[in-house]
Amino acid sequence: MFDEGNGGPRVSVIIPTYGDSEYVDGAVESVADQTYCDIEVVVVDSSDVKRLANLSVTGVDIEYVYQEPSGLGAARNAGIEKATGDVVGFLDADDRWLPSKVKWQLEVIRDGADFVYGDAYDVRDGARFPMPSIPVKDPETLYRRFFLKGGIPCPTVMARRACFDHHTFDESLSALEDRHLWIRLLRDFTPGRVAKPIAEYVRRDDSMSSDPELMYESERWVIDDLTDRYEDLRNYRQQAVLRAKYEYGKRLIRAGRTEEARSVLLEVLRKRPTDTKAIALTTTALAPVGNQTLLRWLEAGVGRMRSSR
């Protein structure tokens, strides 16, 4: 248990940066704007040493760590090692926290949760779309449902520091190291959720998550590794692979590679011919023009539908 003396636990926020240091100031400012005060920021810098070493934002303590480029997993692990807080949160340089995020999540932790997440906004080209998170429902089975469906935006996660004594980010992964870790933490610790937007997840064309092949290959590695680790996930492997292909097709559409997207999505549809999401996305890929615009409308509609549940 963390010590709630002096009004509450200290919260540490890990912000890794490599090639995106121009966004760090805004990320730190979104932490400084929190309605909860006892927060430190740990910036793990693998690029612009001189500028970020002197970073100062009123209202928040900043710890600086320089690390040779070793990937996001290694950077976040280095931040956890440096953190002094009883609760740890994660924020990428180009994402933002909404002002009451920490306050609301600490309320859930005080009620007994170890690992807390929430809804977010998906921000693209200045527009915000609902990004609902997966409901907790049955805490005992949440890790299996998340394995199949996803639904935990990385910048919304906060967890007790003690969780990371048992599990850390896998540094061999080039992407989706967060998803890999969240499943392990959900399996071993008590989850909680804030069912409203608490962060902004910003998509950039040059970000790692925009690389369809990297994300798909990482997803397949995560599926293989977790089904090797946990016998009870093996029955869900094929469903998880189909979901990975569905997301691969979506990223191909977003990248303007519609012919490749059609091939991938038709393969999904052959295996799941009554899946309404797969039907809608395949139809989007088959449209003669405006595929990316149709995809934005589709995602916005799905987000509104989920957030109303």
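**What about the pattern of salt bridges?**
Inspection of the entire model under this criterion finds 23 salt bridges. Of the charged contacts, one joins Arg179 and Glu219 as a salt bridge, the two residues approaching to 3.1 Å between their closest N and O atoms. One end of the pair, Arg179, is in helix 6 (residues 177–188); the other, Glu219, is in helix 7 (residues 212–229), and 40 residues separate them in sequence. The exposure class of Arg179 is buried, given its relative accessible area of 7%. In this structure, Arg257 and Glu213 form a salt bridge, with 2.8 Å as the shortest nitrogen-oxygen distance. Of the two residues, Arg257 is situated in the loop between helix 8 (237–254) and helix 9 (258–271) and Glu213 in helix 7; the sequence distance between them amounts to 44 residues. Shared partners join several salt bridges into a network, and the residues in it are Arg10, Asp38, Glu40 and Asp61.

**A closer look at the side chain of Ser30**
Secondary-structure assignment places Ser30 in helix 1 (residues 24–32). Side-chain polar atoms of Ser30 contact the backbone nitrogen of Trp97, separated by 3.1 Å. Dropping the residues within four chain positions of it, Ser30 is found in contact with Leu91, Arg96 and Trp97.

**As for the nonpolar core**
Ranked by size, the top nonpolar core spans 55 residues in total, and within it Phe90, Phe115, Ile152, Phe164 and Trp182 carry the most contacts. At seven residues, helix 8 tops the list of elements feeding residues into this core. Not counting chain neighbours up to four residues away, the residues in contact with Trp182 comprise Phe90, Phe115, Phe146, Ile152, Cys154, Val157 and Phe169. Formed by 29 residues, the second largest nonpolar core is a distinct cluster that contains Leu52, Val87, Val108 and Met158.

**With respect to helix 10 (residues 276–286)**
Turn by turn, an α-helix covers 3.6 residues, leaving residues three or four places apart pointing in a common direction. When we look at burial in helix 10, the residues that qualify are Ala278, Leu281, Thr282, Thr284 and Ala285. Buried residues in helix 10, looked at end-on, bunch into an arc of 155°, giving them a common side. The N-terminus of helix 10 is capped by Asp275, whose side-chain oxygen sits 2.9 Å from the backbone nitrogen of Lys277.

Cut-offs used in this document
Residues numbered from 1 in each chain as written. Predicted model: local features only at pLDDT ≥ 70, side-chain atom pairs only at ≥ 80, totals over all residues. Heavy atoms only, no water. Salt bridge = Lys/Arg side-chain N within 4 Å of Asp/Glu carboxyl O. Helix = DSSP H or I, 4+ residues; strand = E, 2+ residues; numbered from the N terminus. Buried < 20%, exposed > 50% of the residue type's maximum accessible area, 1.4 Å probe, protein only. Polar contact = N/O pair within 3.5 Å; in protein donor to acceptor, adjacent residues only side chain to side chain. Contact = heavy atoms within 4.5 Å. Core = buried A, V, L, I, M, F, W, Y, C linked by side-chain atoms within 4.5 Å. Arc of directions from axis to C-beta.

Interpretation in functional terms is not warranted from these geometric data alone.
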